[in-house]
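# Understanding the architecture of this molecule
Listed here are the chains, written in short residue letters.
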Amino acid sequence: MPVVSGSNAFELAEALAGELGWEHHPLEVRRFPDSEGYVRVPQESIEAIRSNPVVIVATTFPDSGIVEALLMMESIYDVRSGDMRNLKGEGEQQLEDAGPGIFLAIPYFGYSRQDKRFQQGEVVSAKLLARLLTRRCDGMVVLDLHAPAVLEDLDVPVSFVSSMPEIAIHLQDQVQPDFVLSPDKGAIERASHVAQAIGCKFSYLEKTRIDAHTIEHKAKDLDVDGAIVAIVDDMISTGGTICKASDALRRQGAKAVHAACTHGLFTGGAITRLANHVDGVHATDSLPNPRSVVSGAPAIARGVKDLIQRVL
Ligand code: R5P
């Protein structure tokens with residue numbers, strides 16, 4: 001069965017195909033000189049895509065990734081529904097509808113943090129994107145979505161999967177933490193899963209975001225004197241959350257502090273900033289980043305299997 005990818009998830013799609021025992025079919029993707037995107041299903045992949053369920057792997061970040069994902073979905077939909085009309089009149093123009101079997105796997109779902117209308121007049125961007133992205137598919141797998149509640153009322157089933165089991169294995173192997181910290185209430189479920197899997201102590205901080213670059217943590221006594229601590233979050237962007245949490249841990253005697261996340265965005269000098277505050281940074285390959293050490297493929301494979309059971 002085919003796993004297809006465009007320009008931003010080639011390696012992850014290759015790994016996912018390996019996990020599932022399927023074939024990886026890269027689509028033809030390029031950019032016109034003015035930067036607009038182009039997607040085509042290669043002739044040699046058409047039969048495989050029409051005769052089996054297909055998984056499209058697309059990270060919807062940055063914005064160009066969203067357009068590419070939409071183009072990929074539409075091209076696969078046309079091929080599977082049998083609409084093969086083309087200007088040159090090449091090949092058969094209309095084929096039978098191959099039926100349901102298009103699944104979208106999103107390693108990193110861009111805009112996931114705008115999951116509420118925080119102020120009057122704003123767009124709930126995560127919901128808008130989800131509606132657009134599910135227009136042409138029969139189910140969607142999303143890896144470590146910031147707040148899953150925002151995708152609850154879609155027309156197709158969503159499988160929410162997490163790389164925390166693999167992150168726990170990696171941390172246990174490389175870091176051997178004595179303590180896992182969630183840097184805010186939103187990451188408690190994920191981070192506590194890691195603590196449980198490792199079998200170490202756990203706590204969390206309460207965070208207030210002042211603006212995109214400034215956060216504050218409420219003071220809290222943590223039992224970390226002499227401990228190796230792993231701070232676990234869904235994503236690291238500017239690194240501000242991790243650096244502040246690490247400072248609090250060091251003040252309370254932590255011997256070493258590591259940061260782990262699924263989505264390593266690392267914006268605006270985050271890698272350098274983090275290097276001054278933590279002893280190591282560990283991320284998955286949900287999007288290309290310089291600290292990618294854990295594969296997101298096993299988690300996405302779990303979601304694909306779940307959806308196939310639920311839908312087909
Ligand atoms: C927010 O609640 C997220 O879970 C992360 O904690 C946040 O996005 C990290 O952003 P930054 O690295 O810019 O502090």
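Each remark here, short or long, concerns the structure printed above.
Residues numbered from 1 in each chain as written. Predicted model: local features only at pLDDT ≥ 70, side-chain atom pairs only at ≥ 80, totals over all residues. Heavy atoms only, no water.

### Comments concerning the site of the ligand
Neighbouring residues of the ligand: 14 residues in total, closest Asp 233, Asp 234, Ser 237, Thr 238 and Thr 241. At 3.3 Å, a side-chain N or O of Arg 209 approaches an oxygen atom of the ligand. Asp 234 places a side-chain nitrogen or oxygen 2.6 Å from an oxygen atom of the ligand. Burial of the ligand by the protein amounts to 91% of the accessible area it has alone, namely 370 Å². At the level of elements, strand E11 (207-211), strand E13 (228-236) and helix H7 (240-251) are the ones that each hand at least two residues to the shell around the ligand. The biggest single contributor to the shell around the ligand is E13, with four residues. (Near = heavy atom within 4 Å. Polar contact = N/O pair within 3.5 Å; in protein donor to acceptor, adjacent residues only side chain to side chain. Areas by Shrake-Rupley, 256 points an atom, 1.4 Å probe, with all protein chains shown as cover. Helix = DSSP H or I, 4+ residues; strand = E, 2+ residues; numbered from the N terminus.)

### Considerations on the sheet that holds strand E1 (residues 2-5)
Taken together, six strands build an open sheet; the order of strands is E2-E1-E5-E6-E7-E8 and the sheet is parallel. Edge strands, defined here as strands with exactly one partner in the open sheet, are strand E2 (23-26) and strand E8 (158-161). Adjacent strand axes in the sheet meet at a mean angle of 20°, parallel and antiparallel pairs treated alike. Across four bridges, strand E5 (residues 54-57) lies against strand E6 (residues 102-106) in parallel orientation. Note on E6: the bridge partner recorded for Val 54 is Ile 102. (Pairing = 2+ DSSP bridges. Axes fitted to C-alpha atoms, helices over the stretch in contact; angles between N-to-C directions.)

### Considerations on unusual backbone geometry
Cis geometry marks the peptide bond from Phe 61 to Pro 62; its omega dihedral reads -10°. Although it is not a glycine, Ser 35 adopts a positive phi angle of roughly 90°. With a phi angle near 75°, Tyr 111 is a residue other than glycine that sits in the positive phi range. With respect to the helices and strands, Tyr 111 occurs in the loop between E6 and helix H4 (125-133). The exposure class of Tyr 111 is partly exposed, given its relative accessible area of 37%. (Buried < 20%, exposed > 50% of the residue type's maximum accessible area, 1.4 Å probe, protein only.)

### Considerations on the side chain of Thr 59
Take Thr 59: it is sitting in the loop between E5 and helix H3 (63-81). For Thr 59, a relative accessible area of 1% translates into the label buried. Within the local environment of Thr 59, its side chain forms a polar contact with the backbone nitrogen of Tyr 108, the two atoms lying 3.3 Å apart. If near-sequence neighbours (up to four positions away) are discounted, Thr 59 is found in contact with Asn 8, Gly 65, Pro 107, Tyr 108, Ser 286 and Leu 287. (Contact = heavy atoms within 4.5 Å.)

### Describing the pattern of salt bridges
Evaluation of the coordinates by the stated rule reveals 15 salt bridges. A salt bridge links Arg 135 to Glu 74, with the nearest nitrogen and oxygen atoms 3.6 Å apart. Note that Arg 135 is positioned in the loop between H4 and strand E7 (139-143) and Glu 74 in helix H3, a separation of 61 residues in sequence. Overall, Glu 74 belongs to the partly exposed group, its relative accessible area being 26%. Several salt bridges converge on common partners, so that one network encompasses Glu 28, Arg 30 and Arg 40. (Salt bridge = Lys/Arg side-chain N within 4 Å of Asp/Glu carboxyl O.)

### So, the pairing of strand E15 (residues 280-284)
Each regular strand carries side chains that alternate between the two faces of the sheet. Within E15, five of the five residues are buried, which leaves the element mostly enclosed by the surrounding structure. Residues of E15 alternate between two faces, with Gly 280, His 282 and Thr 284 on one and Val 281 and Ala 283 on the opposite face, all of them buried. Note: strand E14 (residues 256-264) against E15, three bridges, orientation parallel. Counted as the bridge partner of His 258 is Gly 280 from E15.

### Quick word on the packing of H3 against H4
H4 packs onto H3 with a crossing angle of 25° between their chain directions and a minimal axis gap of 10 Å. Between H3 and H4, the angle falls in the class roughly parallel. Across the interface between the two elements, Ile 66, Ala 69, Leu 70 and Met 73 from H3 touch Leu 129, Leu 132 and Leu 133 from H4. By residue class, the composition of the contact of H3 with H4 is seven nonpolar, no polar and no charged. (Parallel < 35°, antiparallel > 145°, perpendicular 65-115°, else oblique. Nonpolar A, V, L, I, M, F, W, Y, C, P; charged D, E, K, R; others polar.)

### Regarding the sheet that holds E14
Strand pairs in the sheet, formed through backbone hydrogen bonds, run parallel or antiparallel to each other. Judged by pairing direction, the sheet is parallel, and its six strands sit side by side in the order E10-E9-E13-E14-E15-E16 without closing on themselves. Each edge of the sheet is formed by a strand with only one pairing partner; in this case those strands are strand E10 (201-204) and strand E16 (292-294). Here the average twist between neighbouring strands, direction ignored, is 30°. Looking at chain direction, strand E9 (residues 179-182) and E13 are connected through three bridges and run parallel. Paired with Phe 179 across the strands is Val 229, a residue of E13. Contacts from helix H5 (residues 164-174) reach E13, E14, E15 and E16, with the element oriented near 150° to E14. Contacting E9, E13 and E14, H7 runs over the sheet at an angle of about 165° to E13.

On their own, these measurements won't tell you what the molecule is for.
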